[in-house]
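In case you want the letters, here they are:
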Amino acid sequence: NAGVTQTPKFRVLKTGQSMTLLCAQDMNHEYMYWYRQDPGMGLRLIHYSVGEGTTAKGEVPDGYNVSRLKKQNFLLGLESAAPSQTSVYFCASSYPGKDGYTFGSGTRLTVV
Amino acid sequence: AQSVTQPDIHITVSEGASLELRCNYSYGATPYLFWYVQSPGQGLQLLLKYFSGDTLVQGIKGFEAEFKRSQSSFNLRKPSVHWSDAAEYFCAVSDQAGTALIFGKGTTLSVSS
């Protein structure tokens, strides 16, 4: 089915470990986003991309890096995971000038 | 910078009663406004959106919202709440179609029988 696919869906990391979350979309959307969701905080924008090869910081970028080497993929990296990064991560995509946003189903990350 | 405020963290409504969830935004021009719902452990589902035109917007599941520019508000309403409406509700805003959404902190709705 067309949409946004996030991999993995669940992950437990030890403090200091690294990992990469993958977001893939097949709708030819130009814009892609990474959000984190924490209780009582809503969804906060981590990083976003307005096209292949471009990335920009959102509201809470510290501790994360991103890459958009291919238009359909947006990777979120944690170089040295911290317990404060325990969260649910959502990826989303959209097309400029269009009103639709497509969200992935989320990745639940626990850092112990 | 844009911001969204949802003043109510938690609301409890009796089944069959009416519902209004408040949302205030801060943005100079006319924003693009959205309401999403999230059931526990699930992803986000779009309820409705407003870009322009009629300020009363109809959405799915019997929800509606009214854009009031003078009050910088976009409140969500439902005339009769069902137990299945219990969930978390998020208001969101963007400055242009398709650009980054800024979310409020959410309102948790509980429905009592």
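Note that this is a predicted model, so its numbers are computed, not measured.

**Q** Whenever I open this one, the overall build of chain A confuses me. Can you help?
**A** When helices and strands are tallied, chain A shows zero helices and 11 strands. Going from the N terminus to the C terminus, chain A shows its helices and strands as β-β-β-β-β-β-β-β-β-β-β. Over its C-alpha trace chain A gives a radius of gyration of 13 Å, about what one expects of a compact globule, namely 13 Å for 112 residues. Overall, the C-alpha framework of chain A stretches about 40 × 25 × 25 Å when taken along its three principal axes.

**Q** I would appreciate a short explanation of the interface of chain B and chain A in the present structure.
**A** You'll often see interface size given as the accessible area lost when the parts meet. Facing the 20 residues of chain B at the interface are 18 residues of chain A. Here chain B meets chain A over a buried area of about 1500 Å², counting both sides, of which 60% is carbon and sulfur. Per-residue buried area on chain B facing chain A is highest for B:Gly98, B:Phe103 and B:Lys105; these three make up 31% of the total on that side. Inspection of the region where chain B meets chain A yields zero salt bridges. At the surface where chain B touches chain A, the tally comes to four residue pairs in polar contact (both at pLDDT 80 or more). If you list the elements that add at least two residues to the side of chain B that touches chain A, you get strand 5 (32–38) and strand 10 (87–94) of chain B. Counted by class, the side of chain B that touches chain A contains nine nonpolar, eight polar and three charged residues.

**Q** Would you mind showing me how to read the state of the cysteines here?
**A** What is meant by a disulfide is a covalent connection between two cysteines, made through their sulfur atoms. This model, assessed by the stated rule, comprises two disulfides over all chains. The disulfide bridge from A:Cys23 ends at A:Cys91, spanning 1.8 Å between sulfur atoms. Classification of the bridge connecting A:Cys23 and A:Cys91 rests on its S-S torsion, roughly -75°, and on that basis the disulfide is left-handed. With A:Cys23 in strand 3 (residues 19–25) and A:Cys91 in strand 9 (residues 87–94), this residue pair connects regions lying 68 residues apart in the sequence. For the pair A:Cys23 and A:Cys91, a shared accessibility class is recorded, and that class is buried. Across a sulfur-sulfur distance of 2.0 Å, B:Cys23 and B:Cys91 are joined as a disulfide pair. Around the S-S axis, the bridge from B:Cys23 to B:Cys91 shows a dihedral of about -65° and counts as left-handed. One end of the pair, B:Cys23, is in the loop between strand 3 (19–21) and strand 4 (24–26); the other, B:Cys91, is in strand 10, with 68 residues separating them in the sequence. An identical accessibility class is assigned to B:Cys23 and B:Cys91; each is buried.

What counts and what doesn't
- Numbers given to residues run from 1 along each chain, matching the order in which its sequence is written.
- Here chains are named by letter from A upward and ligands by number from 1 upward, in the order in which they appear as written.
- The predicted nature of this model means local features are confined to residues of pLDDT at least 70 and side-chain atom pairs, given and counted, to a pLDDT of 80 or more, with totals for whole chains, interfaces and linings taken over all residues.
- Side-chain numbers come from the whole structure's heavy atoms, not from hydrogens or water.
- Segments assigned H or I by DSSP are reported as helices when at least four residues long, segments assigned E as strands when at least two residues long, and all are numbered from the N terminus.
- Radius of gyration: C-alpha atoms only; globule rule: 2.2 Å multiplied by the number of residues to the exponent 0.38.
- Contact criterion: two residues are considered in contact whenever any of their non-hydrogen atoms come within 4.5 Å of each other.
- Simply put, the buried area is the total loss of 1.4 Å probe accessible area from both parts when two parts are fitted together.
- Each salt bridge in this description consists of a side-chain nitrogen of Lys or Arg and a carboxyl oxygen of Asp or Glu lying within 4 Å of one another.
- Identification of polar contacts relies on pairs of N or O atoms within 3.5 Å, with a donor-acceptor requirement for protein atoms, meaning one able to donate a hydrogen and the other able to accept it, and with residues adjacent in sequence counted only if both atoms are side-chain atoms.
- Asp, Glu, Lys and Arg are counted as charged, while Ala, Val, Leu, Ile, Met, Phe, Trp, Tyr, Cys and Pro are counted as nonpolar; the rest, among them Gly, fall into the polar class.
- In this description, the term disulfide denotes a pair of cysteine sulfurs within 2.5 Å.
- Relative accessibility under 20% of the residue-type maximum defines a buried residue, over 50% an exposed one, and the middle range a partly exposed one, all with a 1.4 Å probe and only protein chains included.

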